[in-house]
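# Coordinates in review
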There are 2 protein chains.
Amino acid sequence: MAPAKIDLKTPKGTRDWDGQAIVLREKIFNTIKTVFERHGAVTIDTPVFELKEILTGKYGEDSKLIYDLADQGGELSSLRYDLTVPFARYVAQNGLQQIRRYHIAKVYRRDQPAVAKGRMREFYQCDFDIAGTYDAMIPDSEIIKIIIQIFEALGWNGRYTIKTNHRKILDGIFQVCGVPEDKIRSISSAVDKLDKMPWADVKKEMVSEKGLPEEVADRIGEWVVLKGGKDLLEKLQKDESLAANESMKQGMTDMGLLFEYLDCYKGALDAVSFDLSLARGLDYYTGIIYEVVTEGSAPSAPADGAAPAAKSKPKKKGKSSEDDDRSDDPTVGVGSVAAGGRYDNLVGMFSGKGQIPCVGISFGVDRIYSITQARMAAEKAAEPRPNKTDVFVMAFGGKGFDGMLKDRMKICDQLWEAGISTEMLHKVKPKLQAQFKAADTNKVPFAVILGEEELAAGQVKLKQMGLGENHPEKEGVLVAITDLVGEIRRRLDQMHRLEQMTQSASGLRVVDGVRAHKSCTGPTAM
Amino acid sequence: MAPAKIDLKTPKGTRDWDGQAIVLREKIFNTIKTVFERHGAVTIDTPVFELKEILTGKYGEDSKLIYDLADQGGELSSLRYDLTVPFARYVAQNGLQQIRRYHIAKVYRRDQPAVAKGRMREFYQCDFDIAGTYDAMIPDSEIIKIIIQIFEALGWNGRYTIKTNHRKILDGIFQVCGVPEDKIRSISSAVDKLDKMPWADVKKEMVSEKGLPEEVADRIGEWVVLKGGKDLLEKLQKDESLAANESMKQGMTDMGLLFEYLDCYKGALDAVSFDLSLARGLDYYTGIIYEVVTEGSAPSAPADGAAPAAKSKPKKKGKSSEDDDRSDDPTVGVGSVAAGGRYDNLVGMFSGKGQIPCVGISFGVDRIYSITQARMAAEKAAEPRPNKTDVFVMAFGGKGFDGMLKDRMKICDQLWEAGISTEMLHKVKPKLQAQFKAADTNKVPFAVILGEEELAAGQVKLKQMGLGENHPEKEGVLVAITDLVGEIRRRLDQMHRLEQMTQSASGLRVVDGVRAHKSCTGPTAM
């Protein structure tokens, strides 16, 4: 067939993940997954596409961003927009009364891509949700504990803030300030932009665009700029007009419980900010809402080296761009790396039966990846090895050397059977230099070098790569073939122990394969 | 919002994976991944959809099974049909000269689903491919070693056969027998059905449908029913008319090298059958082809309990149904659990430049899952736990008992911080029975039980679940809170050691998180 003249690229807003990027991303996935499992979660895997009607009416005006499959006969389907709606469909379809599930998978949004901001059309979400009828704020507090454990495990010690608010408090404030019931959601959306624009601009949007009387906007403005902790809750409780509002009462009781419960989780209160400007875009939230921001709140340099977006890019005023309304998306927004909240009515929308209350959190891995990668670069952290090959089997000989292919194969076979990651060059007569180069490319730590004479004596040379000029074992050591597996294991174990010590001392404390409780620090006093 | 009246289901040919099914499937993924990594593979992640033109002209008449995305403006895209074409696109796009990559991901085929046969529209493939210019048959032999290591790691000891053949040998036989050049691929497709229908039917298809002279078909029939090992190769080499054919010569040289090289890999020759009836459907193969079949060659009972298909379902004769032509699909076919081969021209179709030779294998995980699950059921193997919770924290008290919520939270916090998977019931005042029931549902091995008195003395009760009536620790043991983490770790380590011993003694030797070289058996003599 003649070569086709086609443009070799992935579709707009998508990318291939490979090299160091996918190694680091997999480590982040493992870290997140380990914490989810530490909290009793099971995982589920739903199809990449759902029946179109399942997604209809769940995303407000963002529904236009949904990817549809072509109508090729049969059912109409669409690619999933998030993992929450498929989860609610799953819970309703199976009549589940309770489940803690996590789901790490790709979602799809036919949005204008902005690679530098980490906004792609295909991107990963890592979701954890607790469904079931439980006592108030107990699951909600555990979600905060999970958020903390994940960012601590990622080495972001203290460099993040969990912003929280409560939909019922927001609604109460809007009611008390005099916002008409039918404007509450759109005023809420305007408030959500306070992390990106000053109050004056938000007020202008409320008044000029959304037709709110100026004095109502001013009253809102007194409250929504406030942030704090328990102190802020007490301030709200002391305000008589707020305290009399039914929605406020419910919200304040919840937040009171939250602060009480977080006090039982070491350091949790320090990580949380009660922030009245947090509103979140999606309609379906009914209680507490979360959003995690980090000090690197401007988008970090993405993997492909494109220039990072300016830290405080001026926003076009007076334009209700969809761009600004994407607060429901943890991978977009300014510095939001995770987001979620309580949604007690979504499962019931599907089942038509009783409600199954839910609360959850979604981690935006692409953004976490970009920030982690930028920090590792700044801290000059050692890059992970591209593959897991521990041993490169080589051969070397003088004139008339036949390449010892079958001998190399047999040594590889022995190591593979022992579970040791091993490669050799797929050439009959490889040059020594080509073999060392291949090993070096993948930073393989050990070489096994075969020679005719040594092999005749039942020996091979084992050489640790990259030893200094003066190291006594720089040239390698002779090892009996019968001892080879044991000797390599001994040296690998030593190397892994060393790596672990270095890792736990540095930023990214990635729990990678090793059972979590072995690599974590000791017990903490109560 | 009023509950919508919608049909709660996943789209046709798709399913949710959950419960025991996903736990087992993840273990299979990990087993496969561990072996891939043992052979130096890196992983890549390509988008779920590709530009439509990338897929065009790669799948012959199966192209009609490709899912297209709706035209919503912009580029036309389609869901990937396999992982091979995206891999070739990736290699060409990045101008790579060599790579060993694995990719575990979903692919999409708008085919008639057959759940009982494990044929879904969305299903997983696990692919491993070696791209690069190397010496003949060295990478090809390593692929066979990988196949063997994976099925051994899955515990299928000896219960599978790797069928191999060579496209150049097949083509040579067809040429020597007198098949016109333009009929070679369609005659090849007919031959591929020999695992499903007798020679008489295949011959009829060749003669009646494909217009091959009967005497040509008869000559083909003498060869393609043969299978064996080195002996069969020698038989071919001894035939003068075959030996004179250029294509045959190349194919026979390759197969000769294969047998030589496999002799270096312990037990490899025993696992391989040289089978002249193996043809494989896809056009792009250019050299060796593989297909792995297992003794459970009829589809096993699928996870949803539907009846398995009959072992030798009679085929409709004289009908060239697409059903029968799906030999390129490792998850379909009768008993094929993995398939692949050498494709030296595909990357060049994209790059338009020099060829990058490739050889690879694709494992059909859904089929492997079904067979593994059926075998575990038959062997009454212990089902894996649904989640990883190791400890359930409970409280118990008499009249006026307040539920000790905050004390439970603090104990959970201590265990989570130590990396121990822990749950508690999210109730303020849970009943003891409800707590035990929750722990029992997830088969949680340990309970920590709080009581007012014990707590006042700085102690809690640690109870291993499911101990017999006469066990001295049946009621649990009192442990100081300061020793709790250490005591639980000690008991968990003991439990895991026990589990590992049991696992390596039983069928599924799943390498699960633990570093591979620790869980494998000792070195093998050369």
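The name given to chain A in an unreviewed UniProt entry is Histidine--tRNA ligase, mitochondrial, with Cryphonectria parasitica as the source organism. Looking at chain A in UniProt, the text filed under Sequence similarities (unreviewed entry) is "Belongs to the class-II aminoacyl-tRNA synthetase family." Regarding chain A, the relevant UniProt record gives this comment under Function (unreviewed entry): "Catalyzes the aminoacylation of histidyl-tRNA in both the cytoplasm and the mitochondrion."

## Description of the pairing of strand β14 (residues 446–450) of chain B
Residue and element names in this part refer to chain B. With respect to burial, β14 is a largely interior element, five of its five residues being buried. The alternating pattern of β14 places F446, V448 and L450 on one face and A447 and I449 on the opposite face, and all of these are buried. In the sheet, strand β12 (residues 391–395) pairs with β14 via five bridges, with the strands oriented parallel. Following the sheet pairing, V393 is matched in β14 by V448. Two strands pair when backbone bridges link them, and β14 and strand β15 (residues 459–464) are joined in this way by four bridges, in the antiparallel orientation. Opposite I449, over in β15, you have K461 as the bridge partner.

## Focus on the confidence of the model for chain A
Any residue range with low pLDDT should be treated as having predicted coordinates unsuitable for detailed reading. All names here are of chain A. With 86% of its residues at a pLDDT of at least 70, chain A reaches an overall mean of 86. This stretch, residues 509–526, has a pLDDT under 50; its non-local contacts, to residues over four places away or in other chains, come to 50 contacts. Quick note on the complex model: pTM equals 0.86, ipTM equals 0.85.

## Brief notes about the packing of aromatic side chains
According to the stated counting rule, one finds 31 aromatic pairs over all chains in the structure shown. A centroid spacing of 5.3 Å and a plane angle of 50° characterise the contact between Y67 of chain A and F49 of chain B, whose relative ring orientation is tilted. Of this pair, Y67 of chain A sits in the loop between α2 (52–55) and β3 (77–79) while F49 of chain B sits in strand β2 (residues 49–51), which puts the two residues in different chains. With a relative accessible area of 1%, F49 of chain B lands in the buried category. Residues F151 of chain A and F363 of chain A carry aromatic rings whose centres are separated by 5.8 Å and whose planes lie at 50° to one another, so their mutual orientation is tilted. Here F363 of chain A lies in strand β11 (residues 358–364) and F151 of chain A lies in helix α4 (residues 138–153), a separation of 212 residues in the sequence. On the basis of relative accessibility, which here comes to 0%, the residue F151 of chain A falls in the buried class. Here a set of aromatic residues connected by ring pairs shows up, and it is made of F36, Y102, F128, F151, W156, Y160 and F363 of chain A. Above the face of the Y81 of chain A ring, R109 of chain A is positioned so that its terminal group lies 4.1 Å from the ring centre. A cation sits over an aromatic face here: R25 of chain B above W17 of chain B, 4.5 Å from the ring centre.

## Re helix α4 (residues 138–153) of chain B
Residues and elements named next belong to chain B. Taking 1.5 Å of rise per residue, the 16 residues of α4 would be expected to cover 22 Å, and the 23 Å separating its terminal C-alpha atoms lies within 8% of that figure. Here α4 lies mainly inside the structure; 15 of its 16 residues are buried. Remark: G155 follows α4 within two positions and exhibits a positive phi of approximately 85°.

## Some remarks on the UniProt feature "binding site: L-histidine" (unreviewed entry) in chain A
Residue and element names in this part refer to chain A. The UniProt feature table records "binding site: L-histidine" (unreviewed entry) at D82, L83, T84, R109, Q125, D129, R280, Y284 and Y285. Judged by its relative accessible area of 11%, T84 is buried. Leave out the neighbours within four places in its chain, and T84 touches D127, Y284, Y343 and L346. Mapped onto the secondary structure, D129 falls in strand β5 (residues 122–131). When sequence neighbours within four positions are dropped, the list of residues in contact with D129 reads F87, I99, R100, R101, Y343, V359, G360 and I361. Within the structure, the side chain of D129 is placed 2.8 Å from the side chain of R101, a separation counted as a polar contact.

## Things to note about the sheet that holds β11 of chain A
Residue and element names in this part refer to chain A. Taken together, nine strands build an open sheet; the order of strands is β1-β4-β5-β11-β10-β9-β6-β8-β7 and the sheet is mixed. Each edge of the open sheet is held by one strand with a lone partner, namely β1 (42–43) and β7 (227–228). Across five bridges, the pairing between strand β10 (residues 336–342) and β11 is antiparallel. Of the residues in β11, the one forming a bridge with R342 is V359.

## Some words on the side chain of T164 of chain A
Residues and elements named next belong to chain A. Along the chain, the position of T164 falls in strand β6 (residues 160–166). The class of T164 is buried, set by a relative accessible area of 0%. Excluding residues within four positions of it along the chain, T164 makes contact with I144, M255, V272, S273, F274, D275, L278, I289 and Y290.

## Some remarks on unusual backbone geometry
All names here are of chain B. Notably, M137 is not glycine yet its phi reads approximately 70°, a positive angle. Note that M137 resides in the loop between β5 (122–131) and α4. Its identity is not glycine, yet K443 carries a phi of approximately 50°, on the positive side. Residue placement: K443 occurs in the loop between α16 (432–441) and β14.

## Remarks on the relation of the copies chain A and chain B
When chain A is fitted onto chain B, the two copies agree to an RMSD of 0.0 Å after a turn of 180° and an axial shift of 0.0 Å. Taken together, the rotation and translation describe the operation of a two-fold axis. Looking at the interface residues of chain A, 100% of them are also at the interface in chain B, so both copies use one shared face.

## Digging into the packing of α4 of chain A against helix α11 (residues 246–262) of chain A
All names here are of chain A. It is at 9 Å that the axes of α4 and α11 come closest, and there the two elements cross at 50°. The orientation of α4 relative to α11 falls into the category oblique. Two packed elements cross with a definite hand, and for α4 against α11 that hand is right-handed. Across from I138, S141 and I144 in α4, the residues of α11 making contact are L258, Y261 and L262.

Thresholds, definitions, all that
- Residues numbered from 1 in each chain as written.
- Chains lettered and ligands numbered in written order.
- Predicted model: local features only at pLDDT ≥ 70, side-chain atom pairs only at ≥ 80, totals over all residues.
- Heavy atoms only, no water.
- UniProt positions renumbered as here; feature names shortened; annotations may be inferred.
- Buried < 20%, exposed > 50% of the residue type's maximum accessible area, 1.4 Å probe, protein only.
- Helix = DSSP H or I, 4+ residues; strand = E, 2+ residues; numbered from the N terminus.
- Pairing = 2+ DSSP bridges.
- pLDDT = per-residue confidence, 0-100.
- Contact = heavy atoms within 4.5 Å.
- Phe/Tyr/Trp six-rings, centres within 6.5 Å; stacked < 30°, edge-to-face > 60°.
- Lys NZ or Arg CZ within 6 Å of the ring centre and 35° of its normal.
- Expected span 1.5 Å × (residues − 1).
- Polar contact = N/O pair within 3.5 Å; in protein donor to acceptor, adjacent residues only side chain to side chain.
- Least-squares fit on C-alpha atoms with pLDDT ≥ 70 in both.
- Axes fitted to C-alpha atoms, helices over the stretch in contact; angles between N-to-C directions.
- Parallel < 35°, antiparallel > 145°, perpendicular 65-115°, else oblique.
- Left-handed = near helix turned anticlockwise from the far one by under 90°.

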